[in-house]
Amino acid sequence: MDDQIILRLAAKTLIPFILVFALYVQFHGDYGPGGGFQAGVIFAAGFVLYALVFGLRRTVQVMPPWVTLACGAAGVLLYAGVGVVTMALGSEYLNYNVLAHDPEHGQHYGILLVELGVLITVFGVMLGMFYAFAGRRSLDG
Amino acid sequence: MSHDESLHPDRMDGSRPEGPPLGPYAWWSHPAAERPRIWDDPANVRKLLIGFYIACAVLVLLELVVDRHEYHPWEAIFGFHAWYGFAACWMLVVIAKQMRRVLMRSEDYYDVD
Amino acid sequence: MSDHLPVLLVVVPLIAAPIAALIRSVRLSWLIACGASWWALYAAWGLLSRVRGGEVISYALGGWPAPYGIEYRVDAVNAWVILIVAAIASVATPYAYQSVRREVESDRVSLFYSAWILCLTGLLGISVTGDVFNVFVFLEISSLSAYALISLGQDRRALTSAYQYLIMGSIGATFIVIGIGLMYIMTGTLNMMDLSERLPAVMDTRAIPVAFAFLTVGFSLKLALFPLHLWLPNAYTFAPSAVTAFIAATATKVAVYMMLRFFFTVFGAAFAFDVMQVDLILLPLALVAILSTSLVAIHQQNVKRLLAYSSVAQIGYMILGVSLASVAGLTAGLLHLFNHALMKGALFMAMGCVMYRVGSVRIDAMAGLGKKMPWTMAAFVVGGLSIIGVPLTVGFISKWYLVQAALAAGLWWVAALVMVGSLMAVIYIWRVVEVAYLSPAPDGDGVAEAPLAMLIPLWVLVAANVYFGVNAGLTTEVATRAAEILMGVTS
Amino acid sequence: MWIDLPPFILLFVGGVLAAVTRGTLRKSIMLAVPILGGLNLIGVEHGARFQYEVAGQTLTLFRPDGLSLLFGYLFHLAAFIGNLFALHLTDEEGATLQHSSALLYAGSALGAVFAGDLITMFVFWELLAFTSVFLIWARGTERSYRTGFRYLVIHVLSGVLLLSGAIIRAQETGSIEFGNIGLDGSLGAWLILISFGIKAAFPLAHNWLTDSYPESTATGAVFLSAFTTKVAIYGLARGYAGTEMLVYIGAVMTAFPIFYAVIENDLRRVLGYSMINQIGFMVTGIGLGTALGVNGAVAHAFNDVIFKGLLFMTMGSVLRQTGRINGSDLGGLYKTMPWTAAFCIVGAASISAFPLFSGFASKSMVMAAALEEGHSIVWLVLLFAAAGVFHHAGIKIPFFAFYGHDSGIRTTDPPKNMLVAMGISAVLCIVIGTFPEQTLYRILPFEGGYHPYDVTHVLTQTQLLFFGALAFVGLQKFHIYPAELRSINIDVEWLYRWVAPRIVGGVGSLVSRIDGAVRGTAVSAARRVIAVGSRDHAGEGLLARTWPTGSMLLWVAILLVGYITFYLAR
């Protein structure tokens, strides 16, 4: 699509906003509608748009497939890890109260971290699926 | 052991190994040769049978001498066990022989599908 | 740490799975998988020994107390199922190493183990949780990873089988979630205990019977109850051998557990059996499953497929026990849950060994294997005897209790049909044994005994088949206790 | 008694050891195990032990009492003699298989008679079949393979009946203990009786015996004749003593096989028929149920194991030395197998119950018991059978094998171990027959003296036998006696070996050969069922094919609608 200049410009302009919007949805997720699932999908959508406009080859240069796999795994680790940390701090699994001095802050951090884990995993998996369908190549590129 | 040789297929039909003709006492020096056996002589068989008939007669006649208990009324009949045994066996064989007409089949009856 | 055992049971594999995916070393990811399953076994034993006496462990996730937060709740029933899953996993994972090296492309092996552990996580999670929506979440985790595992089979048909399983499994899960949704609408709660308290008030509505119907169909699909078993034979046939052994011995068992949990704990035996009279449906279906699929098994040419159909028949035995809706019947069903895991695990593992050496599991490929792979085929024979229900094997214990339960319910003809099912098992097992031991082997194909790394796990299961067949004390005790809990009988 | 252990354990250990050892070591094990086991039983304390609670039922592995101990001694003795007889086997003859399975088989028999409950009994009941079938298969012929299969099927069926009966009894009585059952009209008692009856070769269920024993190996038949049917006799004596029906069943069993035996050509099959006849005496004794009757039955079982074993050993020797066993092929062997011939005559005299031979000491007990209970007709039938058994087993076997027309076969006596085994049995026959009150009668389970040697008994029995022999001589003289012909005689097996394959024919190639027009409506209906089943369950049949996903979904939808309707209709 090298000749579609408008499309390319529009995409270039939009993509950063998409990514920031994803983060907005993510950070808004603790008290309002939103959260890691939606954020992860939106974040991945930014890269999908990039791939549609600029081609898979360049996208893979920016975001190699192994990174998506690693994200998919790392997010789960983050999620589960938070729970383990709360346990290590002497409370139930995923009881965020103990993450900070103040239980309210603790809840805040906890939910953010967990949602971040969800975001990373969802992002990794969505993009990985996109690569798998679009690229017909193995995830290792 | 010699029994293994005896299973040799050539000897299963009873023929003895090839060799010169053997005299009447050859079994002494040639173990493979035939020694005349007791029941090969019909006279011995006849003696045995005569002895057997006498024994039968004596067994029946003993009833006249011996005081025999009777556990069952039929045992009072003279020589009950003797004639019962004789009749039973005779009948058994005659009936069984007739059964052959119905029951007998060739040896590979079941092997043929 | 022992306070956290219910959650650690699930969390440790959950952490292990992504690590296994990140590590690109076949051996390391396998070791992680082994570690995860052995941990699960350790935790399962710890849980079981705590709840054997009748105690119930409740764990509030995130510190939110029961009706509000997610509760993990362990009693003798699910501790029993957890032990089954963990035990099979800890034998099947060591076994998988050689088998997977032969059957799965090497660049996918670490992902394979990741999916393997995830599947285990899901199965354990379903069993341990006391929250109906959480059940659905873990169900999806285990199912999705199972689809992935099955699709990795060598045969091209593995992909279509996995796809079919995916469609059917997703529909089953969807039905379950619809049922759960309806219940949530009517009661406003997702906690099992809370539901069981609130449901009686809304029993007379239309929504609850409809929810019950969706759940029944969903569970029937997941546990492959006749006639919704059609996805199972292909999935088991074309999956990698180790996957078949693992999933056949665990996935349907957990589905049966789900059904029991919903019918007995959530809805209550009185509602499910007296009002809904679900036994009127389950009993005939179970009997048809036993007879029909055994007959199909007799005609199969592929031994894995044969065993798959036999599995459907065996599920029939379990459901038969459940449908009697008595402590005796449930005990029989729960015993068979465990016992069938042991025997089918052993049989499929034996077939995995054959696949490893011969490259085929068709019956004609078994010719002469009795001589060439004596240990493998001997294991198959013992497993087969167990399926038939020969004394001194676990199969006999199950059948004994089942027949007793049927007789106690006055169902003579059911007991007789169970015997008929056993006779049919004799036929299909014998077909394999006959070819393996009495047909001459093709010359010079150089087939040798399977590697020790596969034989040892196989024989561990075979030994368990015999051990629990002779000494059924532990299994019957726990199964009876679990049945009493489900029926709400206190002893 | 040094170690208090259920006796089967030692035999099983021996069986496993025999499988992994070779040469002299194995031979020592073969002989030592039955001796040690038998000595270990001497002076054993009565009463049930080794009990295990499983699922609320008590399994009893070891219950020695008068009845089971008699069989315990007997089986050790039989195992010893049989092992000695089979000691020479070489690897070409399948020595490992035969030695090992013989010990396991003996162990199973011991396990069964010492079992205190029906479930343990059932386990050993099935093991009896599975361990012994190898003694048939070891013959290595196509015919023995098929026979072994039929044998297995029938015995597994018997086991299934026993198990079903046990389950039903557990339901009815709440206990699986094996004591006196008796026919109280309940289904469980009937099933167990039928199960025992199959193993005891009741009429119409007898055919497995005459089918399989003649097809086993020369040494295997000795074991087979010792254990299976005697375990069944034990079961009947324990569970059904005094069941009147057994008196008549036993009487029929004594009488009908002798007709077959007269016209049978295979001499080991003749022994099979005479075995049924001897079991008939035992069954009758058990049916009478009096102390004398049951004592007579088990005493006769004891003697039968020894003298029938001896006869099977002599015929096994003949088979081994000549490769033949048909009466039409044999004759004149006394010339070259003098010892075997002599032992055969001792065995024949014992089975015919000649005074001073063991059969006399036990058979007369049963007959006396029948008279005591006033069963005149049964007594006459037994008397007839006693004469008949002499006719076919006492005269026919030795006469056609060792005397009669000289077949020209020249061979030798068998190896020493076989001769010694036969010699021991022969001595036992004579010792027990001459001094029954000092030997056998002391270990009988019930009190009550019996004195076989009074003038009346001796005279009448001798008359009976001599005149039976006279009839034989007469029949030979007048050429009425049927010649031995190369043939077989059809028996009940005709139903399942000839009729059944031709009727059912649903399996295999037979189906295409048989014209459906011949079959009756019932048969064609059965065929239709099989055909329908196969259509739907085989290959790409309705229930066996891979379904399209859409069709599966249709099923789901149908079921969902069905369930909702069903539930809402409640």
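Per chain, residues are indexed from 1 in the order of the written sequence. Starting at A for chains and at 1 for ligands, labels are handed out in the order in which the entities are written. Totals for whole chains, interfaces and linings use every residue, but because this is a predicted model, local features are given only for residues with pLDDT of at least 70 and side-chain atom pairs only at 80 or more, for both listing and counting. Side-chain numbers come from the whole structure's heavy atoms, not from hydrogens or water.

1. Some details on the overall build of chain B
Thinking step 1. For chain B, the count of helices and strands is four helices and one strand.
Thinking step 2. Numbered from the N terminus, helices here are DSSP runs of H or I no shorter than four residues, and strands are runs of E no shorter than two. Starting at the N terminus and ending at the C terminus, chain B contains elements arranged as α-α-α-α-β.
Thinking step 3. Scored against the burial criterion, the 113 residues of chain B give a buried share of 27%.
Thinking step 4. Residue burial considers only the protein chains on display, and all accessible areas are found by Shrake-Rupley using a 1.4 Å probe. If you sum the accessible surface of chain B, you get close to 7800 Å²; carbon and sulfur atoms cover 64% of it. A simple rule labels every residue: compare its accessible area, found with a 1.4 Å probe on the protein chains alone, to the largest value its type can have, and call it buried under 20%, exposed over 50%, or partly exposed in between.

2. A look at the side chain of K396 of chain D
All names here are of chain D.
Thinking step 1. Here K396 lies in helix α15 (residues 376-402).
Thinking step 2. Throughout this description, a polar contact denotes any pair of N or O atoms lying within 3.5 Å of each other; where both atoms belong to protein, one of them has to be capable of donating a hydrogen while the other can accept it, and for residues adjacent in sequence the pair is counted only when both atoms sit in side chains. One polar contact links the side chain of K396 to the main-chain carbonyl oxygen of E264, over a distance of 2.7 Å.
Thinking step 3. Whether two residues are in contact is decided by their heavy atoms: any pair within 4.5 Å suffices. Once residues within four sequence positions are removed from consideration, K396 is found in contact with A261, V262, I263, E264, V270, H391, A401, Y481 and E484.

3. Examining the nonpolar core
Thinking step 1. The nonpolar core is taken to be a set of buried Ala, Val, Leu, Ile, Met, Phe, Trp, Tyr and Cys residues, with the residues joined through side-chain atoms within 4.5 Å. Counting residues in each nonpolar core, the largest one holds 445 residues, and the members touching the most others are F71 and L236 of chain D.
Thinking step 2. Take this core: its biggest share by element is 24 residues, from helix α10 (residues 241-275) of chain C.
Thinking step 3. For L236 of chain D, the contacting residues outside a window of four places in its chain are L193, F196, A200, F202, A241, L246, V283 and I286 of chain D.
Thinking step 4. Formed by 20 residues, the second largest nonpolar core is a distinct cluster that contains F43, F123, L127 and Y131 of chain A.

4. Quick look at the packing of aromatic side chains
Thinking step 1. Only Phe, Tyr and Trp rings take part, Trp by its six-membered ring, and two of them pair if their centres are within 6.5 Å. Stacked means planes under 30 degrees apart, edge-to-face means over 60, and tilted covers everything else. Per the counting criterion, the structure on display carries 68 aromatic pairs over all chains.
Thinking step 2. Ring centres of Y147 of chain C and Y165 of chain C lie 4.9 Å apart, and the angle between their planes is 85°; on these two criteria the pair is classed as edge-to-face. Placement of the pair is Y147 of chain C in helix α5 (residues 132-151) and Y165 of chain C in helix α6 (residues 157-187), with a sequence separation of 18 residues.
Thinking step 3. With a centroid separation of 5.6 Å and 70° between ring planes, the pair formed by F71 of chain D and Y234 of chain D is classed as edge-to-face. With F71 of chain D in helix α3 (residues 66-85) and Y234 of chain D in helix α9 (residues 220-239), this residue pair connects regions lying 163 residues apart in the sequence.
Thinking step 4. These aromatic residues form a ring-pair network of at least three members: F71, F75, Y105, W125, F178, F196, F227, Y234 and Y240 of chain D.
Thinking step 5. A cation over a ring is seen here: R102 of chain C above Y356 of chain C, with NZ or CZ 4.1 Å from the ring centre.
Thinking step 6. Only lysine NZ and arginine CZ atoms are considered, and such an atom sits over a ring when it is within 6 Å of the ring centre and within 35 degrees of the ring normal. Cation over ring: K399 of chain C sits above Y317 of chain C, and NZ or CZ is 4.8 Å from the ring centre.

5. Some words on the interface of chain C and chain A
Thinking step 1. Between chain C and chain A, the residue contacts involve 18 residues of the former and 15 residues of the latter.
Thinking step 2. We define a salt bridge as a contact between a side-chain nitrogen of Lys or Arg and a carboxyl oxygen of Asp or Glu at a distance within 4 Å. Linking chain C to chain A there are zero salt bridges.
Thinking step 3. The tally of links from chain C across to chain A stands at two residue pairs in polar contact (both at pLDDT 80 or more).
Thinking step 4. Where the side of chain C that touches chain A is concerned, the elements lending two or more residues are α1 (5-22) and β1 (57-60) of chain C.
Thinking step 5. The element best represented in the side of chain C that touches chain A is α1 of chain C, accounting for nine residues.
Thinking step 6. Looking at the side of chain C that touches chain A residue by residue, the class counts come to 14 nonpolar, three polar and one charged. Classes in brief: Ala, Val, Leu, Ile, Met, Phe, Trp, Tyr, Cys and Pro nonpolar; Asp, Glu, Lys and Arg charged; the others, Gly included, polar.

6. Section: the packing of α3 of chain D against helix α16 (residues 416-434) of chain D
All names here are of chain D.
Thinking step 1. Across the interface, α3 lies against α16 with an axial gap of 7 Å and an inter-helix angle of 150°. On the basis of their axis angle, the class for α3 and α16 is roughly antiparallel. On the side of α3, the interface is formed by L77, F80, I81, L84 and F85, while α16 contributes N417, M418, V420, A421, M422, I424, S425 and L428.
Thinking step 2. The class makeup of the residues in the contact of α3 with α16 is 11 nonpolar, two polar and no charged. Working convention: axes come from line fits to C-alpha atoms, limited for helices to the stretch in contact. Angles between N-to-C directions cover 0 to 180 degrees. The cut-offs work like this: below 35 degrees is roughly parallel, past 145 is roughly antiparallel, 65 to 115 is roughly perpendicular, and the gaps in between are oblique.

7. Points about the pattern of salt bridges
Thinking step 1. Taken as a whole, this structure holds 17 salt bridges over all chains when the rule is applied.
Thinking step 2. D155 of chain C is the partner of R157 of chain C in a salt bridge, and the nearest nitrogen-oxygen pair spans 3.1 Å.
Thinking step 3. Since its relative accessible area comes to 48%, R157 of chain C is described here as partly exposed.
Thinking step 4. Residue classification places D155 of chain C among the partly exposed residues on the basis of a relative accessible area of 29%.
Thinking step 5. A single salt-bridge network, built from bridges that share partners, covers R143, E215 and R269 of chain D.

8. What to know about the interface of chain D and chain B
Thinking step 1. Contact residues are listed per partner, giving 72 residues for chain D and 59 residues for chain B.
Thinking step 2. Accessible area that two parts lose when put together, with a 1.4 Å probe and added across both, is what the buried area reports. Carbon and sulfur atoms make up 68% of the area that chain D and chain B hide from each other, which totals about 6200 Å².
Thinking step 3. At the surface where chain D touches chain B, the tally comes to zero salt bridges.
Thinking step 4. The tally of links from chain D across to chain B stands at four residue pairs in polar contact (both at pLDDT 80 or more).
Thinking step 5. Among the secondary structure elements, those contributing two or more residues to the side of chain D that touches chain B are α10 (244-263), α12 (291-322), α15, α17 (455-477), β3 (488-489) and α18 (493-503) of chain D.
Thinking step 6. The element best represented in the side of chain D that touches chain B is α17 of chain D, accounting for 18 residues.
Thinking step 7. The residue makeup of the side of chain D that touches chain B, split by class, is 36 nonpolar, 20 polar and 16 charged.
Thinking step 8. Two strands qualify as a pair provided that DSSP identifies no fewer than 2 bridges between them. The sheet contact formed by strand β1 (residues 104-105) of chain B and β3 of chain D spans two bridges and is antiparallel. Bridging across to β3 of chain D, R105 of chain B finds its partner in I488 of chain D.

9. Topic: the environment of L157 of chain D
Thinking step 1. Following the sequence through the fold, L157 of chain D ends up in helix α6 (residues 142-173).
Thinking step 2. A sequence separation of 70 residues divides L157 of chain D from F227 of chain D, and the C-alpha atoms of the two residues are 18 Å apart.

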